[in-house]
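Residue-level structure breakdown
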Amino acid sequence: MEDSISNNSAGKAWRTASQYKYFSQTRQYSAPVDGSIPAAKQKYVPTSGTYPKGFLVSGTHVGVKASNTRFPDLALITSETPCSAAAVFTQNPFSAAPVTVSQDVLRKRAGEGIRSIIINAGCANAVTGQGGIEDARSMARTVDSQFSNPPPTPSSTLVMSTGVIGQRLPITKILSAIPTAHSTLSPTHTSWLAAARAICTTDTFPKLLSTTFTLPSNPQITYALAGMTKGKSYILFHFQT
């Protein structure tokens, strides 16, 4: 490092030093192997919430990764009546199967009549070819069948997956768990937190927020808003799959 700084211009030396500093940084927190939430992160996990009426959620254990023997890794979010939906997708031309399937659902339905979102953690179902596409479609069909028989055409379910790239989903295990995910749907804070936990991979804690608000044009009506997310390793949007 010292030779690099002395033999280059100030600008190059600064970049080299900055790069060295960046790559020498280490995470202060990594996900504990037992899945527990670090004490310093507990303050970020809500103990209560107020959630939008008409939406039910659940978090179910599947064991998508063999190492996960007890934590939820399948989230189901549903609307009690079909609703409008919109999404922002990766710009990567090599997008994962769930991206392709969900884009197709929204396009065919013009963003209307969406009933559910099914999300698994532990396997991203990315770079999995036509088999991965069929797995994502089968997840959507199975969720659809929980609400109507025969399922609607086109599907009313969006599909998301997060985790390891380049591996096929343990699709039989996931499909078998969907009826349980449906039967345990609930509007409670506990269920919302379980759903947020179910989309975690290397996250150290579930990320969930909710709030209520009014609008100046109609102050007598109180609206509720909720959101959940997870950490990601990709920095640039167009690199995501």
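Numbers given for residues are sequential positions, taken from 1 along each chain in its written order. The predicted nature of this model means local features are confined to residues of pLDDT at least 70 and side-chain atom pairs, given and counted, to a pLDDT of 80 or more, with totals for whole chains, interfaces and linings taken over all residues. Where side-chain values are given, they derive from all heavy atoms of the structure, hydrogens and water being excluded.

Looking only at helices and strands, one finds six helices and six strands in the protein chain. Each residue's exposure class comes from its accessible area (1.4 Å probe, protein chains only) as a fraction of the maximum for that residue type: buried when under 20%, exposed when over 50%, partly exposed otherwise. Taken across its 241 residues, the protein chain has 36% of its residues classed as buried. Residues are treated as being in contact if the distance between any of their heavy atoms lies within 4.5 Å. Intrachain contacts of the protein chain at a sequence separation of at least 6 include 74% that bridge at least 24 residues. When the accessible area of the protein chain is evaluated, it comes to approximately 13,900 Å², of which 57% is carbon and sulfur surface. Numbered from the N terminus, helices here are DSSP runs of H or I no shorter than four residues, and strands are runs of E no shorter than two. Using a 1.4 Å probe, accessible areas were evaluated by the Shrake-Rupley method; residue-level cover was limited to the displayed protein chains.

Now for the layout of surface pockets. Here a cavity denotes a set of grid points, spaced 1 Å apart and computed over the protein atoms alone, in which a 1.4 Å probe fits but from which it cannot get out, and a pocket denotes an open set meeting protein on both sides within 12 Å along at least five of seven lines; residues with an atom within 4 Å of a point are reported as lining. Grid points are joined across faces, edges and corners, and a volume is the space filled by probe spheres set on the points. Taken as a whole, the second largest pocket holds about 270 Å³ of empty space. If you go around the second largest pocket, you meet 15 residues; those closest to its centre are Asp 104, Val 105, Lys 108, Arg 137 and Ser 155. Of all the secondary structure elements, the ones that give two or more residues to the lining of the second largest pocket are helix H3 (97-109) and helix H4 (129-145). Split into classes, the residues belonging to the lining of the second largest pocket amount to seven nonpolar, three polar and five charged. Residue polarity is assigned by list, with Asp, Glu, Lys and Arg as charged and Ala, Val, Leu, Ile, Met, Phe, Trp, Tyr, Cys and Pro as nonpolar; anything else, Gly included, falls into the polar class.

This next bit is on the nonpolar core. In this text, buried Ala, Val, Leu, Ile, Met, Phe, Trp, Tyr and Cys residues form a nonpolar core when linked through side-chain atoms within 4.5 Å. Of all hydrophobic cores here, the largest spans 22 residues; its most connected members are Leu 74, Ile 118, Met 139, Val 159 and Ile 174. Elements supplying a minimum of two residues to this core: strand S2 (74-83), H3, strand S3 (114-123), H4 and helix H5 (171-183). In this structure, Val 57, Ile 119, Trp 192 and Ala 198 belong to the second largest nonpolar core, which totals 11 residues.

On to a nonpolar patch on the surface. Patch membership requires more than 30% relative accessible area and the absence of a salt bridge. Residues of like charge join within 9 Å; the nonpolar side chains Val, Leu, Ile, Met, Phe, Trp and Tyr join within 5 Å. Salt bridges are identified by distance alone: a Lys or Arg side-chain nitrogen within 4 Å of an Asp or Glu carboxyl oxygen. Where nonpolar side chains cluster on the molecular surface, the patch consists of Phe 213, Leu 215, Ile 221, Tyr 223 and Leu 225 and spans about 400 Å² of accessible area. Only strand S5 (207-215) and strand S6 (218-229) provide two or more residues apiece to the nonpolar patch. It is S6 that provides the largest number of residues to the nonpolar patch, a total of three residues. You can see Phe 213 is positioned in strand S5. We classify Phe 213 as partly exposed; its relative accessible area is 34%.

The subject of this paragraph is helix H6 (residues 189-198). Among the residues making up H6, those that are buried are His 189, Ser 191, Trp 192, Ala 195, Ala 196 and Ala 198. Buried residues belonging to H6 abut strand S1 (55-60), S2, S3, S5 and S6.

Here we take up the pattern of salt bridges. Opposite charge on two side chains permits them to pair, given that their charged atoms come into close proximity. For the structure on display, the rule yields six salt bridges. Here Arg 137 ties to Glu 134 by a salt bridge, and the two come within 3.1 Å at their closest N and O atoms. You can see Arg 137 and its partner Glu 134 sitting in helix H4, three residues apart, about one turn around the helix. The partly exposed category is assigned to Glu 134, whose relative accessible area is 34%. Within the structure, one salt-bridge network assembled from shared partners comprises Asp 104, Arg 107 and Lys 108.

What follows concerns the packing of aromatic side chains. Ring pairs are drawn from Phe, Tyr and Trp, using the six-membered ring of Trp, whenever the two centres fall within 6.5 Å, and their geometry is named by plane angle: stacked under 30 degrees, edge-to-face over 60, tilted for the rest. Summed over the entire model, instances satisfying the criterion amount to three aromatic pairs. On the numbers, 4.8 Å between centres and 5 degrees between planes, the contact of Tyr 51 with Trp 192 is stacked. Within this pair, whereas Tyr 51 is found in the loop between helix H2 (10-23) and S1, its partner Trp 192 is found in helix H6, the two being separated by 141 residues in sequence. For the ring pair Phe 213 and Tyr 223, a centre distance of 5.6 Å and an interplane angle of 20 degrees mean the geometry is stacked. Separated by 10 residues along the polypeptide, Phe 213 in strand S5 and Tyr 223 in strand S6 bring together distant segments of the chain.

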